[in-house]
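Here are the chains, one letter per residue:
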Amino acid sequence: MLDVQGLTLRFGRRAIFNDVSFRLGAGQRVALAGRNGQGKSTLFRVIMGEAAGEAGEVNLGKGRTVGYLAQDVAPPKEETSVVAEVLSGIPELAQLETRIERLLAELGERPEDEKVLNAYGRAQARFEELGGYSAEAKARTILHGLGFSQERMNGALNKLSGGWLMRVQLSRLLLMQPDLLLLDEPTNHLDIETREWLLEFLQTFPGTILLTSHDRFFLDALVTKVFELESGRLEVYVGNYSKYEIQREERLRTLRMAHAQQLRYFKQQERFIEKNRANATTASNVQSRIKQLDKIEKIELPPEPPKMKLRFPEPERAGHVALRLEGLTKRYGDLTVFEGLNLEVENGEKLVVTGVNGAGKSTLLRLIAGVDAPTAGEIKRGHNVTVQYFSQYEDDIADTSHTLLQVMQASMPLNSTVNPRSVLGCFLFSGDDVEKQVGMLSGGERARLKIARMLLRPANLLVLDEPTNHLDLHSQDLLFRAVHAFKGTCVFVSHDREFIRRLATSVLSLEDGHPRHFPCDYEQYRWRLAQEARERSGEAAAPKPKAEPQPKAEPKPKAKPGKPSRKSKEQRRWEKKAEELQTKIEAAEARVSELEGLMAEPGFFEDQERSVPLIYEHKELQQAIEADYESLEFALQSLEGCEA
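Residues numbered from 1 in each chain as written. Predicted model: local features only at pLDDT ≥ 70, side-chain atom pairs only at ≥ 80, totals over all residues. Heavy atoms only, no water.

1. Quick word on the overall build of the protein
Convention followed: Secondary structure elements are taken from DSSP: a helix is a run of H or I of four residues or more, a strand is a run of E of two residues or more, and numbering for both begins at the N terminus. Exposure classes here rest on a 1.4 Å probe applied to the protein chains alone. A residue is buried below 20% of its type maximum, exposed above 50%, and partly exposed in between. In this description, contact between two residues means that some pair of their heavy atoms is separated by no more than 4.5 Å. Only the protein chains shown count as cover for residues, with accessible areas throughout obtained via the Shrake-Rupley method and a probe of 1.4 Å.
Of the regular secondary structure elements, the protein holds 20 helices and 18 strands. Burial analysis of the protein (644 residues in total) assigns 44% to the buried set. Look at the contacts in the protein between residues 6 or more apart in sequence, and 68% of them connect residues 24 or more apart. Only carbon and sulfur atoms are counted for the fraction: they give 49% of the accessible area of the protein, which is about 33,900 Å².

Given below as structure tokens:
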């Protein structure tokens, strides 16, 4: 299908590709992984012939077609409808349609002309072969799957935003059905429902797929191989994205051991050389060893992202209830977004708001943040609650002449000890990037800057609208850890299912203007929806997903007579929280010990079917234990405050 051999490309002294070679076979689904700035988008452009390498070859099988979705879609130059643009993915159809109309006109004038009749028959047959009569129906089906209403399908292309233009170009490629599909961040700007539709479509796509994405769940469900592009070199890993991460860690561990062993060998030889260089009897031996060292290829370790731990500033202690919505209603003219929403959000809760595009998720977050006012109802914040709001659609950085570093420094509290350069580095701004003016940043870069700035300001209620857009997986993980360890409350919207799965402790679903609250994690919420659907259709119940192990409920201590104070309630709540966390940590640590015993067995890493899931479980448990210890520390501090 595709054969890339010896591809080399340099920008100045930096090697983008250094003798990169790989092959893609028919029907393969491959992820192109690597940190931002490693050349993934450039590789797509080289394959498409839009950029040239200094050396190497890119060969596509004879007669094979390629479809390419770039991250940035150019605005349309001509006014055309959305459907017409999608249909242009099969240009031969339009040519055949024009030819058929011309031949029909000629047949009207010369019905006995066999030459015209035969040409008409061939054109008609080819038109049917390409699915000409069903092409528009297929185009509309694809557009509907990607979130387009019939009105928007018939609307003008030049009225759409960049995110919707990207969906149009994706629809065009899916209708085109090329032999090789190159997708550069296709999940950007797609909500969860649309991502799931696209995932199902690509799983049945007959051609070959090479893609980049920052959606770990999407990659895990689609790809069977990963190409990692790092420091100009390409490494191949078999399996989905999660297996790639585990195999990469094992490969790096082995590489580090070999690197350390090689360094020790070099030092031994250098000591011998220095000791015997002046000795005439060993001079020939010294020269021999020098030549031998020169021939050895030195093991180079790939650069690793800085090991940083992001933390939101310690917020002031808030009351038990962080937020209360009473009869909340929002209308725009005759359109009711939602009505009569009642909800109580407790301190420390991580609430995800879900729903299809247009359901009112961003509208609700704007109301909670105080950016907009409700049509009816009331939003009450708890005692001492302060808010930080992030939205990819809002921009409050007024002075675009300021540099990134100046913006960060202006946002820092007077007594802060945080290094703003380090925080910027976690969000892909390093070196001279911090001196860029805000006005020179792309939309994605501005979004990353706003998230970085939030880490400098203390607040106990975070309102986050699509915080993971435009973040690579490393930055997403840093953000997740920071929000997970955050002691306050978080209300958020995200289209990244893995981010939601790991973070959410409760779900608010906006469905056709009728909000529903689910006091459970995201997987439990999805199971309950599936269960409801099965009950409506009369199907058997699905197995319930495993919940976190819960400790046995202890009898509640009796309140002292005459003292039913709020303090005693708070004390009991923090005692229960601390006990739950201690039980959870003990169970996790016991499992970690068990796994480490298995990993110490001879030949453990050779059996990948057995070792890969266990290594992945070990990694996740360690991360969970670290986060739970931080939560336990906060619970114990809060308990001490109640007892004081």
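2. Some points on the sheet that holds strand 6 (residues 180-184)
Going by this rule: Two strands are counted as paired when DSSP detects at least two bridges linking them. Throughout, an axis means a line fitted to C-alpha atoms (over the contacting stretch in the case of helices), and angles, computed between N-to-C directions, take values from 0 to 180 degrees.
Taken together, 6 strands build an open sheet; the order of strands is 5-6-7-3-8-9 and the sheet is mixed. Whereas interior strands pair on both sides, the edge strands pair on one side only; in this sheet they are strand 5 (66-69) and strand 9 (233-238). Going from strand to strand, the sheet's axes swing by 15 degrees on average, the running direction of each strand aside. Taken together, the 5 bridges between strand 6 and strand 7 (residues 208-212) define a ladder with parallel strand orientation.

3. Observations regarding helix 16 (residues 473-485)
Residues that lie three or four places apart on an α-helix share one face, since the helix turns once every 3.6 residues. Threshold: Between the first and last residue of a helix there are one fewer steps than residues, each counted as 1.5 Å, and that sum is the expected span.
An ideal rise of 1.5 Å per residue puts 18 Å on 13 residues; helix 16 measures up with 18 Å between its terminal C-alpha atoms. Along helix 16, 10 of the 13 residues are buried, which leaves the element largely enclosed by surrounding structure. All buried positions along helix 16 are accounted for by Leu 473, Ser 475, Gln 476, Asp 477, Leu 478, Leu 479, Phe 480, Ala 482, Val 483 and Ala 485.

4. Here's the deal with the nonpolar core
Quick note on the threshold: The definition of a nonpolar core used throughout is a set of buried Ala, Val, Leu, Ile, Met, Phe, Trp, Tyr and Cys residues joined through side-chain atoms within 4.5 Å.
By size, the foremost hydrophobic cluster in this structure holds 52 residues, and its most contacted members are Phe 148, Leu 160, Leu 174, Leu 181, Leu 183, Leu 202 and Leu 211. When residues of this core are assigned to their parent elements, the largest contribution, 8 residues, is made by helix 7 (residues 162-176). In this view, Leu 160 contacts Val 82, Phe 148, Arg 152, Leu 165 and Val 168; residues no more than four positions away in its chain are not counted. Ile 451, Leu 479, Ala 482 and Leu 503 belong to the second-largest nonpolar core, a separate cluster that totals 45 residues.

5. Focus: the sheet that holds strand 18 (residues 514-518)
Strand order in the open sheet made by the 6 strands is 14-15-16-12-17-18, with mixed pairing throughout. Because the sheet does not close on itself, it has two edges, and the strands there are strand 14 (387-391) and strand 18. Averaged over neighbouring strand pairs, the angle between their axes works out to 15 degrees when direction is ignored. With 4 bridges joining them, strand 12 (residues 350-354) and strand 17 (residues 506-511) adopt parallel strand pairing. From the neighbouring strand, Leu 351 faces strand 17, where its bridge partner is Ser 506.

6. Quick word on the packing of helix 7 against helix 8 (residues 192-203)
Basically, it comes down to this: An angle counts as roughly parallel when it lies under 35 degrees, as roughly antiparallel when it exceeds 145, as roughly perpendicular when it falls between 65 and 115, and as oblique in every other case. Helix crossings are classified by the rotation of the near helix relative to the far one: an anticlockwise turn of less than a right angle makes the crossing left-handed, while a clockwise turn makes it right-handed.
Packing of helix 7 against helix 8 brings their axes to within 12 Å, and their N-to-C directions diverge by 20 degrees. Here helix 8 runs roughly parallel to helix 7, going by the angle between their axes. In this structure, helix 7 meets helix 8 at a crossing whose hand is left-handed. Contact with helix 7, carried on its side by Arg 167, Leu 170 and Leu 174, involves Thr 194, Trp 197, Leu 198, Phe 201 and Leu 202 of helix 8 and no other residues of that element.

7. Looking at the environment of Arg 381
Selection criterion: Here a polar contact means two N or O atoms within 3.5 Å. Within protein one must be a hydrogen donor candidate and the other an acceptor candidate, and residues neighboring in sequence count only if both atoms are side-chain atoms.
Within the secondary structure, Arg 381 sits in strand 13 (residues 376-381). Between the alpha carbons of Arg 381 and Leu 461 there is a distance of 9.5 Å; along the sequence they are 80 residues apart. Among residues more than four places away in sequence, those in contact with Arg 381 are Ala 322, Leu 323, Ile 368, Ala 369, Gly 370 and Val 387. A polar contact of 3.3 Å, which involves the side chain of Arg 381, links it to the backbone oxygen of Ile 368. A polar atom in the side chain of Arg 381 sits 3.4 Å from the backbone oxygen of Ala 369.

8. Re the pattern of salt bridges
Just so we agree on the cut-off: Any Lys or Arg side-chain nitrogen found within 4 Å of a carboxyl oxygen on Asp or Glu counts as a salt bridge.
Scanning all chains against the criterion turns up 24 salt bridges. Across the pair Arg 253 and Glu 250 runs a salt bridge whose closest N-O atoms are separated by 2.8 Å. In this pair, Arg 253 and Glu 250 are both assigned in helix 10 (residues 241-276), 3 residues apart and thus about one turn of the helix distant. Here Arg 366 makes a salt bridge to Asp 372, at a shortest N to O gap of 2.7 Å.

9. A few points about the side chain of Thr 208
Mapped onto the secondary structure, Thr 208 falls in strand 7. In this structure Thr 208 comes out as buried when scored by relative accessible area, which is 0%. A polar side-chain atom of Thr 208 sits 3.0 Å from the main-chain carbonyl oxygen of Gly 25. The residues contacting Thr 208, other than those within four sequence positions of it, are Met 1, Leu 24, Gly 25, Ala 26, Gly 27, Gln 28, Asp 179, Leu 180 and Leu 181.

10. Some words on the pairing of strand 1 (residues 2-11)
In this sheet, strand 4 (residues 55-60) lies alongside strand 1 in antiparallel orientation, the contact comprising 5 bridges. Bridged to Leu 2 within strand 4 is Leu 60. Direction of pairing for strand 1 relative to strand 2 (residues 14-24): antiparallel, over a ladder of 7 bridges. Considered in strand 2, the bridge of Asp 3 is made with Arg 23. Taken together, strand 1 and the strand that follows it, strand 2, pair antiparallel across an intervening segment of 2 residues, in which Gly 12 is found at a positive phi of about 65 degrees.

11. Details of the packing of helix 3 (residues 91-109) against helix 4 (residues 114-129)
For clarity, the threshold we go by: In this classification, Asp, Glu, Lys and Arg are treated as charged, Ala, Val, Leu, Ile, Met, Phe, Trp, Tyr, Cys and Pro as nonpolar, and every other residue, Gly included, as polar.
Where helix 3 meets helix 4, the axes come as close as 9 Å, and the angle between the chain directions of the two elements is 150 degrees. By the angle between their directions, the pair helix 3 and helix 4 is classed as roughly antiparallel. Considering how the two elements wind past one another, helix 3 and helix 4 form a crossing that is left-handed. For the pair formed by helix 3 and helix 4, the contact residues are Glu 92, Leu 93, Leu 96, Glu 97, Arg 99, Ile 100, Leu 103, Leu 104, Glu 106 and Leu 107 on the first element and Val 116, Leu 117, Ala 119, Tyr 120, Ala 123, Gln 124, Arg 126 and Phe 127 on the second. In terms of residue class, the contact of helix 3 with helix 4 is made up of 12 nonpolar, 1 polar and 5 charged.

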